[in-house]
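# Coordinate inspection notes
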Amino acid sequence: MRLNRALFATTLLACSGCRGVNPAPEDLEGLLHYLWEKYPEGSDAELVDALDNLHLAIGGADLEDTLDGSTAPLTDEEVALAGLDREVDPTETAGLFIVDPFPCDVDTAEAILISTEQDVLYDVFDDYERTYTTDLDAYLERETSTLLWEVTYTTTIPMAGPYTADLAGGVRRIPHRTLGDFLLIRSVLVEPAEFEHQDPVFDQDYRIELFYGPRDGTVIHVEALWRNMHAGLANTDSAAVQRFILNSLEDWDDQTAHWCENGLP
């Protein structure tokens, strides 16, 4: 999945003819921001209601095709919930979303998502280290509904070179009366990424993800991300780069579906 420079540039040029990046419908837009706001302090009941409304907004269990597009930036108040110890301007970010059904079940998807070997599962990292900051066993035994972690990873962007980033993340497992347990995951770029070269900027990245099983053998992945990156050709102001990111998220789900079918390596 790691692209060389020529392929990356060719892909972006080709994406001038790709499908557009259209704004999220108003009801879905509001729910994406609501999920961000309610992790982690919202009640289970609030999040169950949010999933019910989201399920209706995307067409229910019959959804078969991927939905994606843009979403409005987070507000100052919403970014404050990330707990960053620095000044940021969320209006500089590009907001994107994807709703993607793929073959899996929630328990198997969870095992993949919480694995510390993301660099083995997904070939996008030069180096990857995840450390749990809460008790993994307590989470797996369902004594607690939340598992938190810290991540340091290195990857390489064609035309900009390698960078290293620190993330804080976590997963919350929530029971639903009819859809079964679902997962809510949040990730935040703690500090601006460090590039080998001084010019690139990657200083904001916020993600909220939801995984649930609307029918046997299918998981729907809902993700919203808000990112500010100016690194060579990887400028998040560009519609071609936004489309490239959305396509990459869909590719990530395809790889997750592969591990769902074949088991962890």
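Up top you'll find the structure we're talking about.
In what follows, the accompanying structure is described. Bear in mind the structure is a predicted one, so any value in this text is a computation, not a measurement.

Rules used in this analysis
- Residue numbering note: each chain is counted from 1, following its sequence as written.
- Under the rules for a predicted model, residues below a pLDDT of 70 receive no local features and side-chain atom pairs below 80 are neither given nor counted, while totals for whole chains, interfaces and linings still include all residues.
- As a rule here, side-chain values cover all heavy atoms of the structure and leave hydrogens and water aside.
- Secondary structure counts use DSSP, requiring at least four H or I residues in a row for a helix and at least two E residues in a row for a strand, with both numbered from the N terminus.
- Multiplying one less than the number of residues by 1.5 Å gives the expected span of a helix.
- Relative accessibility decides the category of a residue: with a 1.4 Å probe and only protein chains considered, values under 20% of the type maximum give buried, values over 50% give exposed, and everything between is partly exposed.
- Our arc is simply the arc of the directions from the helix axis toward the C-beta atoms.
- Any pair of residues with heavy atoms lying within 4.5 Å of one another is described as a contacting pair.
- When the centres of two rings from Phe, Tyr and Trp lie within 6.5 Å, Trp using its six-membered ring, the rings pair. Their planes under 30 degrees apart give stacked, over 60 give edge-to-face, and anything left gives tilted.
- One bridge is not enough; two strands pair if DSSP finds at least two bridges between them.

## Some points on helix α3 (residues 44–57)
Between the first and last C-alpha of α3 there are 20 Å, a value that for 14 residues agrees with the 20 Å anticipated at 1.5 Å per step. Those residues of α3 not exposed but buried are Leu47, Val48, Ala50, Leu51, Leu54 and His55. Buried residues along α3 cover an arc of 160 degrees about the axis, so they all sit on one side. Away from its buried face, by an angle of more than 90 degrees, α3 presents the exposed residues Ala45 and Leu56. Buried positions along α3 lie against α2 (26–38), β5 (161–174), β6 (182–189), β8 (201–215) and β9 (218–231).

## Here's the deal with the packing of aromatic side chains
For the structure on display, the rule yields 10 aromatic pairs. Taking 5.9 Å as the distance between ring centres and 80 degrees as the angle between the ring planes, the aromatic pair formed by Trp36 and Tyr206 counts as edge-to-face. With Trp36 in helix α2 and Tyr206 in strand β8, this pair connects stretches of sequence that are 170 residues apart. On the accessibility criterion, Trp36 (0% relative accessible area) is buried. The exposure class of Tyr206 is buried, given its relative accessible area of 1%. Judged by centre distance (5.8 Å) and plane angle (70 degrees), the ring pair of Tyr153 and Tyr163 falls under edge-to-face.

## Describing the pairing of β8
Within β8, 12 of the 15 residues are buried, which leaves it mostly tucked inside the rest of the structure. Pairing of β6 with β8, which is carried by 6 bridges, proceeds in the antiparallel orientation. The residue bridging Arg186 from the neighbouring strand is Ile208, located in β8. For β8 and β9, the ladder comprises 12 bridges, and the chain directions are antiparallel. Note that in β9 the partner of Phe211 across the bridge is His221. The turn linking β8 back onto β9 is made up of 2 residues, and Gly217 within it adopts a positive phi angle of 85 degrees.

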